Amino acid sequence: METQRPSADTLRGWAATLLTRAGLAEERAGVVADVLMEGDLLGHDTHGLQLLAPYLDEIAAGRMATRGEPEVVSDAGALALWDGGWLPGPWLVRRAIDAASARAAEHGSATVVIRRSHHIACLAAYLRPVAEAGRLIILASSDPAVASVAPFGGLSPVVTPNPIAAGIPTEGGPILLDVSTSITTNGMTGRLHKQGGRLPHPWVQDAHGRTTDDPAALFTDPPGTILPIGGQDHGHKGFALSLLVEALTAGLGGYGRAEPEKRWGAAVFLQIVDPARAGGQGAFRHQMEALARSCRESRVPEGAPPVRLPGERGLERRRQQLESGVALSPAILDALRGKSAALGVPVPEGLG
């Protein structure tokens, strides 16, 4: 079936209407829809609108809260801890970005840690506006209720892919990085397993420690695991980074794997740094632009494309899809049509 290309505005509006009909206030539904749409625009289609149907299921089951405010557990000015009470993760993170940005202007940097957030979708989806405004953003998340990645040398799943992301201003376009500390993600392996597909490389190991490209290895009893970055050769590097993410998120939040929580969600670390309060806004951009230029001008093998900085392909894909429509798989559109029928929401014209 040919991939349809509806406009981003059409999809965003459809998603917001579904979320509103499910019980979210209009403003919160709009934020969640915008973050999911941004994930698809940047090309992270396992963490874009593919998540909308599961989010709607979570609302219907009462596992994603639709009302209330985050509880401020502690507040030291430049460092605050919120309890998200399972409120929508994209709405919580966007709100935390606003709070941390304002505080960074006063303190130079500010950190908000959120425990018991619901899932926060694609980390890259939050970065661009902050970096374009001249601030450095660092964002990380883990899910204390899920374990799919084994520690280096082990077979038992202990942590999630534990992504860490950053948005870095330059004199040109921002550098945007969003890296899981495992080779692949739960979203990708789950999608390929449902489709009967294979991974591009042997990125998982079965329950006996044999590497494979078959995601079905993760769904056996006992299950296999996703390999950390570096795989069975250098996976100690990804394993170490995953522990750092656990410390920044669940550790600082004081709520994580030590508790028997089984609800899908997130522990979140967010930090905003204002370069104007350090070496200066212009100096920061100048240094990062010089670094970016050196990377782009690096010699490459004959016939190879030039070096590309993190986020460049995603930003170009975003520009293209805003102009020509968003490429969504038929499976995602089918899921949204099903939710529209269940919630009594009209399917946008041309997508029925």
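Structure: above.
Everything numeric in this text was worked out from a predicted model, so none of it was measured.

Draft legend 1. Here's a closer look at the environment of Ile-120. Following the sequence through the fold, Ile-120 ends up in the loop between β3 (109-117) and α5 (127-132). Given the relative accessible area of 3%, Ile-120 is considered buried. Put simply, Ile-120 and Ala-145 are 25 residues apart on the chain and 14 Å apart in space, counted from C-alpha to C-alpha.

Draft legend 2. Spatial organisation of the nonpolar core. The biggest cluster of nonpolar side chains holds 64 residues, and the ones touching the most others in it are Leu-11, Trp-14, Leu-19, Leu-36, Leu-49, Leu-52 and Leu-270. In terms of residues, this core owes the most to one element, helix α2 (residues 26-41), which gives eight residues. For Leu-19, the residues in contact, after removing those within four places along its chain, are Leu-24, Ala-29, Val-32, Ala-33, Leu-52, Leu-56 and Ile-59. Counting residues in hydrophobic clusters, the runner-up holds eight residues, among them Leu-192, Leu-199, Ala-217 and Ile-226.

Draft legend 3. Examining unusual backbone geometry more closely. Cis geometry marks the peptide bond from Asp-221 to Pro-222, where omega comes out at 0°. Mapped onto the elements of the fold, Pro-222 is located in the loop between β8 (211-212) and β9 (225-226). Located in the positive-phi region is Trp-86, a residue other than glycine, with phi close to 65°. Of note, Trp-86 is situated in the loop between β2 (79-83) and α4 (89-107). Located in the positive-phi region is Ala-121, a residue other than glycine, with phi close to 65°. One can find Ala-121 in the loop between β3 and α5. For Ala-121, a relative accessible area of 4% translates into the label buried.

Draft legend 4. Region of interest: the sheet that holds strand β6 (residues 175-179). If you walk across this open sheet you meet the seven strands as β1-β2-β3-β10-β4-β5-β6, and the pairing is mixed. Edge positions in the sheet fall to β1 (71-75) and β6, since each has one partner strand and no second. With strand direction ignored, the average angle separating the axes of adjacent strands in the sheet is 10°. Pairing analysis gives seven bridges linking strand β4 (residues 136-142) to strand β10 (residues 266-273), with the strands arranged antiparallel.

Draft legend 5. Structural view of the sheet that holds strand β7 (residues 204-205). Strand order across the open sheet formed by three strands is β8-β7-β9, with antiparallel pairing between neighbours. Since the sheet does not close on itself, it has two edges, and those belong to β8 and β9, each with one partner. Of the strand pairs in this sheet, β7 and β8 are connected by two bridges, and their pairing is antiparallel. Paired with Gln-205 across the two strands is Thr-211, which belongs to β8.

Draft legend 6. Representation of the pairing of strand β5 (residues 164-168). Most of β5 is tucked away: four of the five residues are buried. Of the pairings in the sheet, the one linking β4 to β5 comprises four bridges and is antiparallel in character. The residue of β5 that forms the bridge with Ala-140 is Ile-164. Summarising the sheet, β5 and β6 pair through five bridges and their orientation is antiparallel. Bridge pairing links Ile-168 to Ile-175 in β6. Linking β5 to β6, which pair antiparallel, is a turn of six residues.

Draft legend 7. Spotlight on the packing of α2 against α4. Between α2 and α4, the least distance of the axes is 8 Å, while the angle of their chain directions is 90°. Judged by the angle between their axes, α2 and α4 are roughly perpendicular. Contact residues: Glu-27, Arg-28, Val-31, Val-32, Asp-34 and Val-35 in α2; Pro-90, Trp-91 and Arg-94 in α4. Its residues assigned to classes, the contact of α2 with α4 shows five nonpolar, no polar and four charged.

Draft legend 8. Geometry of α4. An ideal rise of 1.5 Å per residue puts 27 Å on 19 residues; α4 measures up with 26 Å between its terminal C-alpha atoms. Of all the residues in α4, the buried ones are Gly-89, Pro-90, Trp-91, Leu-92, Val-93, Ala-96, Ile-97, Ala-100, Ser-101 and Ala-104. Of the residues one or two after α4, Gly-108 is the one with positive phi, at around 95°.

Draft legend 9. Summary view of the packing of helix α1 (residues 8-22) against α2. In contact at an axis separation of 8 Å, α1 and α2 are set at 140° when each is read in the N-to-C sense. The orientation of α1 with respect to α2, classified from their angle, is oblique. Remark: the crossing between α1 and α2 carries right-handed chirality. Of the residues in α2, those in contact with Ala-8, Leu-11, Arg-12, Ala-15, Ala-16, Leu-19 and Thr-20 of α1 are Glu-26, Ala-29, Gly-30, Val-32, Ala-33, Asp-34, Met-37 and Leu-41. Split into classes, the residues belonging to the contact of α1 with α2 amount to ten nonpolar, two polar and three charged.

Analysis parameters
Residues numbered from 1 in each chain as written. Predicted model: local features only at pLDDT ≥ 70, side-chain atom pairs only at ≥ 80, totals over all residues. Heavy atoms only, no water. Helix = DSSP H or I, 4+ residues; strand = E, 2+ residues; numbered from the N terminus. Buried < 20%, exposed > 50% of the residue type's maximum accessible area, 1.4 Å probe, protein only. Core = buried A, V, L, I, M, F, W, Y, C linked by side-chain atoms within 4.5 Å. Contact = heavy atoms within 4.5 Å. Pairing = 2+ DSSP bridges. Axes fitted to C-alpha atoms, helices over the stretch in contact; angles between N-to-C directions. Parallel < 35°, antiparallel > 145°, perpendicular 65-115°, else oblique. Nonpolar A, V, L, I, M, F, W, Y, C, P; charged D, E, K, R; others polar. Expected span 1.5 Å × (residues − 1). Left-handed = near helix turned anticlockwise from the far one by under 90°.

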